[in-house]
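Listed below are the residues making up each chain.
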Amino acid sequence: MTGNEETAPDARATRRRWVAPVAVAVAVVLVAAVGGAIGYTAHTVGDADRTAGAPVWTPPRAATDDETKEPASGLSGALVPYRPDGWTRGPDLGEFGADAELSGAHAAALTKESLNDLPRSQRRALEKEIDRRHISGVAMRSYATTGGFHNGEHTGAATVAVVLTRMNQEAARSGAVGQNEFFEALDGLEAGPAVKGHKSARCYRLPGESDEELDIMFCSAHQADVLVSAVAEGVPPFGAKGVAALLAEQLDRIGGTGEAV
């Protein structure tokens, strides 16, 4: 056995050691962005007119121009568009607004910022792994629905944040696996609905018997060189199947080449 043959497995093991932490860092950035939206649903529903016959919740309709403008290009063009009769414009994702695209350098910098509280040696190692992933761009979009009867279930008001991160293809695959392993390991979450046509996609949500005022679900998947992450929150009855259907549509739009189809 040569020296290279002896060290190669160790090198691969070291690489795998950092896959999950970097995937978690990406998830942390996503959750931080959605942090500005968490509670939005509950606050708006709480302020809604509850008189007989009144709608439970009506999201802002400032999205009219966005719903009729020319389709976006690049990674943003792969995002599922807003629809007046379905998923409309949702709340702002932190400082980014409801619909944004970031350069790879900006996205990598944000991910690294999420590591600031780690020990210096661990942070440096993770930063190097982020650089090796060659993030070339991020597109994100926030969606909202007033609820109703969708995908065979009665649902309450909900919001969903979808983030597409383009990186090298192996990194996108391992990133989705790492995020799913992270959410699967969390106490208090259970497997969510299947994502039709995409066996590698996974969703995790609060248990069905949860007495929380808001339900929440995390989903991760990859398509070609794009890591797809989503966070949904809503009031019971939570439309988990509708969120999974939105994720399936998103993955179908990216296609097998990482481009909008």
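Each residue is numbered by its place in its chain's sequence as written, counting from 1. Confidence filtering applies because this is a predicted model: local features only for residues at pLDDT of at least 70, side-chain atom pairs given and counted only at 80 or more, and all residues used for totals across whole chains, interfaces and linings. For the side-chain quantities, the full set of heavy atoms in the structure was used; hydrogens and water were omitted.

> Give me the overall build of the protein: which residues, what numbers.
A run of H or I in DSSP counts as a helix once it spans at least four residues, and a run of E counts as a strand once it spans at least two, with each numbered from the N terminus. A count of helical and extended segments in the protein gives seven helices and 10 strands. Buried positions account for 48% of the 261 residues belonging to the protein. Of the contacts made within the protein by residues no fewer than 6 positions apart, 66% connect residues no fewer than 24 positions apart. In the structure as shown, the protein presents an accessible area of about 13,000 Å², 52% of it carried by carbon and sulfur atoms. Only protein chains enter the accessibility calculation, which uses a 1.4 Å probe. A residue is then buried if its area is under 20% of the maximum for its type, exposed if over 50%, and partly exposed in between. Throughout, a contact is declared for two residues whenever any of their heavy atoms are within 4.5 Å. Per-residue and other accessible areas follow the Shrake-Rupley method at a 1.4 Å probe size, with only the shown protein chains counted as cover for residues.

> Describe the pairing of strand β9 (residues 215–223), with residues and values.
Across the nine residues of β9, seven count as buried, placing the element largely inside the fold. Where strand β8 (residues 202–205) lies against β9, four bridges are found, and the strand directions are antiparallel. Paired with Arg202 across the bridge in β9 is Ser220. Of the pairings in the sheet, the one linking β9 to strand β10 (residues 226–234) comprises nine bridges and is antiparallel in character. Directly across from Ser220, in β10, lies its bridge partner Ser229. The hairpin formed by β9 and β10 contains two residues between the paired strands, and Ala224 there has a positive phi angle of roughly 55°. Pairing between strands is defined by DSSP: at least two bridges between them are needed.

> Could you give me a rundown of unusual backbone geometry, with the residues and numbers involved?
Omega for the bond connecting Pro236 with Pro237 falls within 30 degrees of zero, at -5°, which places this linkage in the cis form. As for its placement among the helices and strands, Pro237 is situated in the loop between β10 and α7 (240–254). The residue His134 is not glycine, and still its phi comes out positive at about 55°. Checked against the element boundaries, His134 lands in the loop between α5 (120–132) and β3 (137–145).

> Describe in detail the pattern of salt bridges, supporting the description with residues and values.
Note on definitions: salt bridges are taken to be side-chain nitrogens of Lys or Arg within 4 Å of carboxyl oxygens of Asp or Glu. Going through the model one piece at a time under the given rule, you end up with eight salt bridges. Note that Lys112 is salt-bridged to Asp131, the shortest N-O span being 2.7 Å. Placement of the pair is Lys112 in helix α4 (residues 104–113) and Asp131 in helix α5, with a sequence separation of 19 residues. A salt bridge links Arg166 to Asp225; the shortest N-O distance between them is 3.4 Å. Within this pair, whereas Arg166 is found in strand β6 (residues 158–166), its partner Asp225 is found in the loop between β9 and β10, the two being separated by 59 residues in sequence. Three or more residues joined by partner-sharing salt bridges are found here, namely Arg166, Asp225 and Glu259.

> Any chance you could break down the pairing of β10 for me, citing the residues and the numbers?
For a regular strand, side-chain orientation follows a simple rule: the groups alternate between the two sheet faces. By the criterion of burial, β10 is predominantly enclosed, with nine of the nine residues buried. In β10, alternate side chains face the same way, and those of Val226, Val228, Ala230, Ala232 and Gly234 on one face and Leu227, Ser229, Val231 and Glu233 on the other are all buried.

> Before we move on, could you go through the packing of aromatic side chains and cite the residues and values that matter?
When the centres of two rings from Phe, Tyr and Trp lie within 6.5 Å, Trp using its six-membered ring, the rings pair. Their planes under 30 degrees apart give stacked, over 60 give edge-to-face, and anything left gives tilted. This structure, assessed with the given rule, holds three aromatic pairs. A ring pair is formed by Phe182 and Phe183, whose centres lie 5.2 Å apart and whose planes are at 55°; its orientation type is tilted. Seen in terms of ring centroids, Phe183 and Phe218 are 4.6 Å apart; in terms of plane orientation they differ by 10°. Their pairing is stacked. Of this pair, Phe183 sits in helix α6 (residues 169–185) while Phe218 is found in strand β9, placing the two residues 35 residues apart along the sequence. A relative accessible area of 5% places Phe183 in the buried class. Within the aromatic cluster, the residues linked to one another by ring pairs are Phe182, Phe183 and Phe218. Either the NZ atom of lysine or the CZ atom of arginine qualifies as a charge over a ring when it sits within 6 Å of the ring centre and within 35 degrees of the ring normal. Geometry around Tyr82 places Arg141 over its ring, the cationic atom sitting 5.4 Å from the centre.

> Go over the nonpolar core with me, naming the residues and quoting the values.
The nonpolar side chains of a soluble globular protein tend to be buried with one another. In terms of nonpolar packing, the biggest core is built from 31 residues, with Tyr143, Val160, Val162, Leu164, Val195, Val228 and Leu247 touching the most fellow members. Only β3, β6, β9, β10 and α7 provide two or more residues apiece to this core. Here the element with the most residues in this core is α7; it accounts for eight residues. In this structure Val195 touches Ala201, Cys203, Ala244, Leu247, Ala248 and Leu251, once residues within four positions along its chain are discounted. Think of a nonpolar core as a cluster: buried Ala, Val, Leu, Ile, Met, Phe, Trp, Tyr and Cys residues, connected wherever their side-chain atoms sit within 4.5 Å.

> Give a detailed account of α5, specifying residues and quantitative values.
Expected span of a helix: the number of residues minus one, times 1.5 Å. Between its first and last C-alpha atoms α5 spans 19 Å; for 13 residues at 1.5 Å apiece the expected length is 18 Å, and the two agree. All of the buried residues in α5 are Arg123, Ala125, Leu126, Glu129 and Ile130. End-on, the buried residues of α5 take up no more than an arc of 165°, which puts them together on one face. Looking at α5, the residues exposed on the side facing more than 90 degrees away from the buried face are Arg120, Ser121 and Lys128. His134 lies just past α5 and shows a positive phi near 55°. The reported arc concerns the directions from the helix axis to the C-beta atoms and nothing else.

Shape is all these values report; function is a separate question.
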